[in-house]
Amino acid sequence: MPVGIFRVCLVVITAIVNHPLLFPKENGTVPENTEEIIQKMKEREERLRLEQLRLEQEIAEQEARQNTLGKVAEVVEESKEKKVRWDMWTTLSMVIFLLIELWRQDFQEANWQDTGAEEDDMAVLGKAFKGVAFPDKAVLASFYEKRILGTTGDMARMREMVEGFADDLLEALRSVCNRDADMEVEDCMGVGSMYENWRVRKPFVCDLIVPFAPPEPYCFRSQTWCSGEPFPPDQQGYGTIKVCRADEDVTGCICDKTKLGEDMLCLLHSQANTTRPSSEMEDLLCFKNTQYLDANQVMKWFQIAVTKAWNRISHKYEFDLSFSLLDSPGALKIKFRSGKSIAFNLTPVVQYENSDVYFISHFPRSSLAEDLPSSTHWFLTFAVYERRFIQLISKTLPVNACHISCLQILSFLHGKQCSLTGPSGLTNYHLKTVMLHLLQARPSQDWAPEKLEARLQDMLKFLEKCLHEKKLYHFFVGNGKVPAELGFPVIFQRAEPLNLFRPFVLRRDVYRKTVDTFHEMLRNMSALINEYTVHIPLAHTNGIHKESL
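Since this is a predicted model, take the numbers as computed values, not measurements. (Residues numbered from 1 in each chain as written. Predicted model: local features only at pLDDT ≥ 70, side-chain atom pairs only at ≥ 80, totals over all residues. Heavy atoms only, no water.)

Helix and strand counts for the protein chain come out as 16 helices and 10 strands. Counting over 549 residues, the protein chain shows a buried share of 41%. Considering only contacts within the protein chain whose residues lie at least 6 apart along the sequence, 72% involve residues at least 24 apart. About 32000 Å² of surface is accessible on the protein chain, with carbon and sulfur atoms providing 56% of the total. (Helix = DSSP H or I, 4+ residues; strand = E, 2+ residues; numbered from the N terminus. Buried < 20%, exposed > 50% of the residue type's maximum accessible area, 1.4 Å probe, protein only. Contact = heavy atoms within 4.5 Å. Areas by Shrake-Rupley, 256 points an atom, 1.4 Å probe, with all protein chains shown as cover.)

Another aspect to go through is the nonpolar core. By size, the foremost hydrophobic cluster in this structure holds 115 residues, and its most contacted members are Leu-293 and Phe-344. Ignoring sequence-local partners within four residues, the contact set of Phe-344 consists of Val-162, Phe-165, Val-205, Cys-206, Leu-208, Leu-321, Gly-330, Ala-331, Leu-332 and Ile-334. Val-191, Ile-209, Ala-383 and Val-384 belong to the second-largest nonpolar core, a separate cluster that totals 7 residues. (Core = buried A, V, L, I, M, F, W, Y, C linked by side-chain atoms within 4.5 Å.)

Relative to the helices and strands, Gly-478 resides in the loop between helix H12 (452–469) and helix H13 (490–493). A relative accessible area of 0% means that Gly-478 is categorised as buried. Taking the C-alpha atoms as reference points, Gly-478 and Arg-494, separated by 16 residues in sequence, lie 5.4 Å from one another.

Turning next to the environment of Ile-334. For Ile-334, the position within the fold is in strand S7 (residues 331–336). Taking the C-alpha atoms as reference points, Ile-334 and Ser-324, 10 residues apart in sequence, are found 9.2 Å from one another. Excluding anything up to four places from it in sequence, Ile-334 contacts Met-161, Phe-165, Phe-319, Asp-320, Leu-321, Lys-340, Ser-341, Ile-342 and Phe-344.

Here we take up the packing of aromatic side chains. A full pass over the atoms with the stated rule returns 27 aromatic pairs. Aromatic ring contacts, followed pair by pair, group Trp-225, Tyr-352, Phe-359, Phe-382, Tyr-385, Phe-389, Phe-475, Phe-476, Phe-488 and Phe-492 into a single cluster. Here Arg-245 stacks its cationic end above the ring of Tyr-218, 6.0 Å away from the centre of that ring. (Phe/Tyr/Trp six-rings, centres within 6.5 Å; stacked < 30°, edge-to-face > 60°. Lys NZ or Arg CZ within 6 Å of the ring centre and 35° of its normal.)

By the secondary structure assignment, Lys-432 is in helix H11 (residues 428–441). Among the polar contacts made by the side chain of Lys-432, one reaches the side chain of Glu-196 at a distance of 3.2 Å. The residues contacting Lys-432, other than those within four sequence positions of it, are Glu-196, Trp-198, Glu-386, Ile-390 and Leu-407. (Polar contact = N/O pair within 3.5 Å; in protein donor to acceptor, adjacent residues only side chain to side chain.)

For the rest of this paragraph, the subject is the UniProt feature "coiled-coil region" (unreviewed entry) in the protein chain. Here the UniProt feature "coiled-coil region" (unreviewed entry) sits at residues 38–65. Taken end to end, residues 38–65 has its terminal C-alpha atoms 40 Å apart, with 100% of it in helix and 0% in strand. (UniProt positions renumbered as here; feature names shortened; annotations may be inferred.)

On the surface, a nonpolar cluster with roughly 260 Å² of combined accessible area is contributed by Leu-92, Ile-96 and Ile-100. Tracing the chain through its elements places Leu-92 in helix H2 (residues 30–111). (Patch = residues over 30% accessible without salt bridge, like charges linked within 9 Å, V, L, I, M, F, W, Y side chains within 5 Å. Salt bridge = Lys/Arg side-chain N within 4 Å of Asp/Glu carboxyl O.)

Moving on, we come to helix H10 (residues 403–421). Between its terminal C-alpha atoms H10 stretches 27 Å, which fits the 27 Å expected from 19 residues at 1.5 Å a residue. Along H10, 16 of the 19 residues are buried, which leaves the element largely enclosed by surrounding structure. Once H10 finishes, Gly-422 follows within two positions and takes phi at roughly 100°, a positive value. (Expected span 1.5 Å × (residues − 1).)

Attention now moves to the pattern of salt bridges. Applying the stated rule across the entire model yields 14 salt bridges. Residue Asp-446 pairs with Arg-442 through a salt bridge whose shortest N-O separation is 3.1 Å. A residue is classified by how much of its surface remains accessible, and Asp-446, at 11% relative accessible area, is buried. Close ionic contact of Asp-516 with Arg-512 constitutes a salt bridge, the shortest N to O distance being 3.2 Å.

Attention shifts here to the environment of His-414. Mapped onto the elements, His-414 comes out in helix H10. Judged by relative accessible area, His-414 falls into the buried class, the value being 7%. Along the primary structure His-414 and Thr-517 are separated by 103 residues, whereas in three dimensions their C-alpha atoms are 8.4 Å apart. Setting aside residues up to four positions removed in sequence, His-414 forms contacts with Ser-424, Leu-426, Leu-431 and Met-521.

Before going further, it helps to examine the packing of H10 against H11. Packing of H10 against H11 brings their axes to within 10 Å, and their N-to-C directions diverge by 155°. Taken together, H10 and H11 sit at an angle that is classed as roughly antiparallel. Classified by chirality, the crossing of H11 by H10 is right-handed. The segment H10 lies against H11, with His-403, Leu-407, Leu-410, Ser-411 and His-414 engaging Asn-428, Leu-431, Lys-432, Met-435 and Leu-439. For the contact of H10 with H11, a count of residues per class yields 5 nonpolar, 4 polar and 1 charged. (Axes fitted to C-alpha atoms, helices over the stretch in contact; angles between N-to-C directions. Parallel < 35°, antiparallel > 145°, perpendicular 65-115°, else oblique. Left-handed = near helix turned anticlockwise from the far one by under 90°. Nonpolar A, V, L, I, M, F, W, Y, C, P; charged D, E, K, R; others polar.)

On to unusual backbone geometry. The amide bond that connects Lys-202 to the next residue, Pro-203, takes the cis arrangement and shows omega of 5°. Of note, Pro-203 is situated in the loop between helix H5 (193–196) and strand S3 (205–213). Of the consecutive residues Glu-216 and Pro-217, the connecting peptide bond is found in the cis state with omega at 10°. Topologically, Pro-217 is positioned in the loop between S3 and strand S4 (218–224). Its identity is not glycine, yet Asn-289 carries a phi of approximately 65°, on the positive side. Mapped onto the elements, Asn-289 comes out in the loop between helix H7 (278–283) and helix H8 (295–313). Given the relative accessible area of 60%, Asn-289 is considered exposed. Non-glycine residue Lys-470 carries a positive phi angle of around 55°. Checked against the element boundaries, Lys-470 lands in the loop between H12 and H13.

Turning our attention to the state of the cysteines. A full pass over the atoms with the stated rule returns 0 disulfides. Of all cysteine sulfurs in the structure, the one in Cys-219 sits closest to Cys-244, which takes part in no disulfide; the separation is 5.8 Å. A residue is classified by how much of its surface remains accessible, and Cys-244, at 2% relative accessible area, is buried. (Disulfide = S-S within 2.5 Å.)

This next bit is on the packing of H10 against helix H15 (residues 508–531). Contact geometry of H10 with H15 gives a least axis separation of 9 Å together with a crossing angle of 110°. Between H10 and H15, the angle is such that the two are roughly perpendicular. For the pair H10 and H15, the sense of crossing is right-handed. Each of Leu-410, Leu-413, His-414, Lys-416, Gln-417, Cys-418, Leu-420 and Thr-421 in H10 lies in contact with H15, whose residues at this interface are Lys-513, Thr-517, Glu-520, Met-521, Asn-524, Met-525, Leu-528 and Ile-529. A class-by-class count of the residues in the contact of H10 with H15 yields 8 nonpolar, 5 polar and 3 charged.

Structure follows, in structure tokens:
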């Protein structure tokens, strides 16, 4: 109890002692310090507010920058996506274009000669045939027997006579030439319509080609438009022939044992050292200051050599020999004392590598033929392979097949029309090319003799289509379906197809004249055939055949 009272008293005394009112002087600064503290707190609060505002502003600016960067990134990303999409569509478009182009070329290569095995395929053509009375089978058979068959025996006798005389003439030519300096002449070969048995129009002209080679130690190195080097479009079908030493490589270095790098030069056999004097190359019939064989020089040499050869053997023959045409250097004419004459062409050629393709020094001109780019450009002829193909395909056709008959009738009609209205851009070579295409496109049984009428219509319609499109492709160049038995050079099979009607695109006047002549020939066809046909009873002719017209 006393302890509790003591505790209470101690608490009361402590409270009284610590009461502020009991010591006013010691605690008089409390109010002043409080105001100062409050003022400092306000100042600090203001600083904190300003700092907060600054931080908020920085945060806002940072957010704005981030938003801007984000938008830029989005724009960049979107542009990248658009670019990717554009590149993708561009690439896809290019791929599609290339595929279409490749398909077009493949389709063209595979079908450029596919004229259709069915008669209906030809029905889409033949607009020029409307209203044309086509001769029937009986009229055509009578015309062929009366006008064409009788010429076959004449051609055989003429070929035999010309070949025998040409062999004798070339043998004499070899004897008058200097074997150490002049060109070496080989045996001649017969080509063209006379040797393919479809020539119908007189005068008959035999075409003979004479291969020749340079004297030792020289050789010919040829280059064609499809050898790899770029040739202009007007030089397609041509090539050049370089006269080189046999031990000289293509680059002109005769040291075949020296292995040089691309940046090395052979000091012993440089290009300057291999350049031969101009007079030596001209003696080798080259163009001035070059190593390229000149067609004009070759023809001059050949004419002089033939003249010398004839002077040596002329006493053995009872006729005269002369050059007949100024614009055809190889054209010769035999004149008998009776007044009769025989014409033939004897043309020098150069063999292409080890094939039967030849560079021909002179090609018979027509209104469609283009001028030679230069006298160092030689035209390539595939006449030997054309003759072999006709012989090969004839073995698979029915007896007395009508392919030659169709070509003979068409050639006769075109020649007669040209004699009436003047020459056109079409030649017999174009007509033969049409026949070659159809021979390869149609089954063998379609060329039976009783189908002469239908096949003749096919040839006319195919020719009309080619004239309309201004496209008639060379039969061998670019044709991957050439029979392997012919041994035809692969380089020409893989080449781009050669359009024989390309000049029509450049010369509209010739094209218009050619088309008009073709249409006129169709209209006059019956009259031209009936003029050379014996009378046939009306019962055989009252039904004019109009099948597929």
